[in-house]
Amino acid sequence: MMETLNLLLFVVEAIAYFALMVTLLHFRHRLGLGVFLTALGVMHFMETYLAAVFYVSLPFGDVSPGSSVFFSGKLMMILMLYLQEDAATVRQPIYGLFLGNLLTVGIAGVLQLHQPLQMSPDHTPDVDFLKEMGWLMVWGTALLYVDSLGIILLYEKLGDFFRRRVVLRFLISGFVLLTFDQIGFFSALHYFLGVPIAAFWGGWKAKMFAVCLYAAMFAIYEYYIRRGRAAVSARSISDVFGDLTFRERYNDLLERTGRDMLTGVYDRTRMEMEAPLMLREALKQGLFATVLILDADHFKDVNDGYGHLQGDEVLKAIAARLGTTLRSSDRVFRFGGEEFVAVCPGTDHEEGLRLAERLRWTIATSVKTPDDRPVTVSIGVATADEDGVDFTAVLTAADGRLYAAKKSGRNCVVGRSGVVKLN
């Protein structure tokens, strides 16, 4: 009666483990793959601990659920991860587990140098056991690495004979590699912890039974869930987590596009898309927004005298100074040629003038031509809403002041009141 109950619990554990892990894997693009990998990793200590000390009686022998249910499930999940991602992704949790277990062994060795206090009479610290568990986990992870390579290679090789029979390949790969793993891991259990040889066959039979369960659930997932979902042409984003994930990916994609290839700042197309929104948002909040337009002085002479490659280096240096001087909330765009535009929300005209003067001074004192001559810039400054309520009007005002700065001898800042040089 007890064996039958234990077998039923064994089946429930396997189904629950598979259902949870395959759900995390299935929704990895929404939740993030890290959720699946973390769940896979945190089970490792419990698997090893149960394999060392926790056994139950089943109809086919004495069995540890840690080894038969959870470790077997982990290996089959790694194969499923490979089928849906790639081998490079599969390596990540294995390397992480291996390094973490080495760290556990190292820390256990250091802890043995302490003289621990017994704070509770019923709980005595057992560092020796922790160290034994650490080495056992290191050995188990090393086996897991070999198992993972083996199960992937065998699955692919079986494709030469059973190309369309993915469930059969899944089943055979599990049988072979978990047999290999049972031999390798049980050897360590027997050596380190004295687990009797009789437990080997019960554990092997339980692993084979678990593989059959996992293969059956894999078949249900593959044919009725994954393929059925793939047939759906579109999916609505119906919850807040979906909305946040979609927005995060959209922002990441947007962040990596619209960049000027030479300087790395945003390009003119991105400016035309974002700058009007930045000004409207600032005005909506009752804030000023200042636009700076900056032009490198006598830049044609740099190109003609030192070549276009040196001219490119000067532009990159100017862009770098803009990036380090402006705030994180400001945006820099390459307007064209040697001209740059900075949009500074929440900045009034006086603040904009001080910022422009700081930029002018920074560039003049740190950007040089190959013969050590300073590179200077002229800057026009305009502010919404005093110079206009839309980006085009404010940019036009700033551009007119840039032209005035050029006429005033260059290397200066021009604002609403004319040429400005601040100390």
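Residues numbered from 1 in each chain as written. Predicted model: local features only at pLDDT ≥ 70, side-chain atom pairs only at ≥ 80, totals over all residues. Heavy atoms only, no water.

**Focus: the overall build of the protein**
In terms of helices and strands, the protein carries 14 helices and eight strands. Within the span of the protein, comprising 423 residues, buried residues form 44% of the whole. In the protein, once contacts between residues fewer than 6 apart in sequence are set aside, the share between residues at least 24 apart is 71%. Looking at the protein as shown, the accessible area adds up to about 22100 Å², and 62% of this sits on carbon and sulfur atoms. (Helix = DSSP H or I, 4+ residues; strand = E, 2+ residues; numbered from the N terminus. Buried < 20%, exposed > 50% of the residue type's maximum accessible area, 1.4 Å probe, protein only. Contact = heavy atoms within 4.5 Å. Areas by Shrake-Rupley, 256 points an atom, 1.4 Å probe, with all protein chains shown as cover.)

**Some details on the packing of helix α10 (residues 268-284) against helix α14 (residues 391-407)**
The geometry of α10 relative to α14 is characterised by a closest axis approach of 9 Å and an angle of 100° between their N-to-C directions. In terms of axis orientation, α10 runs roughly perpendicular to α14. Each of Met271, Ala275, Pro276 and Leu279 in α10 lies in contact with α14, whose residues at this interface are Phe391, Val394 and Leu395. When its residues are assigned to classes, the contact of α10 with α14 shows seven nonpolar, no polar and no charged. (Axes fitted to C-alpha atoms, helices over the stretch in contact; angles between N-to-C directions. Parallel < 35°, antiparallel > 145°, perpendicular 65-115°, else oblique. Nonpolar A, V, L, I, M, F, W, Y, C, P; charged D, E, K, R; others polar.)

**Considerations on unusual backbone geometry**
The amide bond that connects Ala384 to the next residue, Asp385, takes the cis arrangement and shows omega of 10°. Mapped onto the elements, Asp385 comes out in the loop between β6 (377-384) and α14. Not every positive phi belongs to a glycine, and Asp372 is a case in point at roughly 70°. Position of Asp372 relative to the elements: it lies in the loop between α13 (349-366) and β6.

**Digging into the UniProt feature "transmembrane region" (unreviewed entry) in the protein**
On the UniProt side, "transmembrane region" (unreviewed entry) is annotated at positions that read residues 6-27, 34-57, 63-82, 94-113, 133-155, 167-192 and 204-225 here. Regarding residues 6-27, the helix share stands at 95% and the strand share at 0%, and the terminal C-alpha atoms are separated by 32 Å. Span residues 63-82 is 90% helix and 5% strand, its end C-alpha atoms 28 Å apart. (UniProt positions renumbered as here; feature names shortened; annotations may be inferred.)

**Some details on the environment of Glu3**
The residue Glu3 is located in helix α1 (residues 2-26) in this model. On a C-alpha basis, the gap between Glu3 and Gly61 in space is 9.3 Å, while along the polypeptide they are 58 residues apart. Polar side-chain contacts of Glu3 include one of 3.2 Å to the side chain of Ser57. (Polar contact = N/O pair within 3.5 Å; in protein donor to acceptor, adjacent residues only side chain to side chain.)

**Let's talk about the sheet that holds strand β4 (residues 331-336)**
If you walk across this open sheet you meet the six strands as β4-β5-β3-β6-β7-β8, and the pairing is mixed. Looking along the sheet, the strands with just one partner apiece sit at the ends: β4 and β8 (418-420). The average angle at which neighbouring strand axes cross in this sheet is 25°, direction not considered. For strand β7 (residues 413-415) and β8, the ladder comprises three bridges, and the chain directions are antiparallel. Its bridge partner being in β8, Gly415 is matched across the sheet by Gly418. Strand contacts of α13: β3 (289-296), β5 (339-345), β6, β7 and β8, with the helix running at about 165° to β6, the strand carrying the most contacts. (Pairing = 2+ DSSP bridges.)

**Remarks on the confidence of the model for the protein**
Residue-level pLDDT values for the protein average 83, and 88% of them are 70 or greater. Below pLDDT 50 for its whole length, residues 228-248 participates in 10 contacts with residues either more than four positions away or in separate chains. (pLDDT = per-residue confidence, 0-100.)

**Comments concerning the packing of α1 against helix α3 (residues 33-53)**
Packing of α1 against α3 leaves a shortest axis separation of 8 Å and a crossing angle of 150°. Here α3 runs roughly antiparallel to α1, going by the angle between their axes. Of the two possible hands of crossing, α1 and α3 adopt the one that is left-handed. Every residue of α3 that contacts α1 at Tyr17, Met21, Leu24 and Leu25 is listed here: Val35, Phe36, Ala39, Leu40 and Met43. Partitioned by chemical class, the residues of the contact of α1 with α3 number nine nonpolar, no polar and no charged. (Left-handed = near helix turned anticlockwise from the far one by under 90°.)

**Considering the pairing of β6**
On a regular strand, each side chain points to the face opposite its neighbour's, so the side chains alternate between the two faces of the sheet. Burial within β6 is extensive, with eight of its eight residues counted as buried. Burial along β6 is two-sided: the residues Val377, Ile379, Val381 and Thr383 and Ser378, Gly380, Ala382 and Ala384 are all buried. Sheet analysis places β3 next to β6, joined by eight bridges and oriented antiparallel. Paired with Ile293 across the two strands is Gly380, which belongs to β6. In terms of strand pairing, β6 meets β7 through two bridges, oriented parallel. Bridging across to β7, Ile379 finds its partner in Val413. Where the polypeptide runs from β6 across α14 and back to β7, its parallel neighbour, the crossover connection is left-handed. (Right-handed = clockwise from strand over helix to strand, strands pointing away.)

**Points about α1**
The first and last C-alpha atoms of α1 sit 36 Å apart over 25 residues, in line with the 36 Å expected at 1.5 Å per residue. Those residues of α1 that sit buried are Asn6, Phe10, Ala14, Tyr17, Phe18, Met21, Val22, Leu24, Leu25 and His26. (Expected span 1.5 Å × (residues − 1).)

**Describing the pattern of salt bridges**
Applying the stated criterion across every chain, the model contains 15 salt bridges. In this structure, the salt-bridge partner of Arg268 is Glu272, at a minimum N-O distance of 3.4 Å. With Arg268 and Glu272 both in helix α10 and four residues apart, this pair spans about one turn of that helix. Linked by salt bridges that have partners in common, Glu386, Asp387, Arg401 and Arg416 make up one network. (Salt bridge = Lys/Arg side-chain N within 4 Å of Asp/Glu carboxyl O.)

**Side note on the environment of Leu158**
Take Leu158: it is sitting in helix α6 (residues 127-158). Residue class for Leu158 comes out buried when judged on its relative accessible area of 10%. Sequence separation between Leu158 and Leu168 is 10 residues, and the spatial gap between their C-alpha atoms is 9.1 Å. In this view, Leu158 contacts Arg169, Ile172 and Ser173; residues no more than four positions away in its chain are not counted.

**Regarding the side chain of Ser378**
Considering the arrangement of structural elements, one finds Ser378 in strand β6. Here Asn411 takes part through its backbone nitrogen, which lies 3.3 Å from a polar atom of the side chain of Ser378. Ignoring any residue separated from it by four or fewer positions in sequence, one finds Ser378 in contact with Ile293, Leu294, Asp295, Asp297, Leu402, Ala405, Lys406, Arg410, Asn411 and Cys412.

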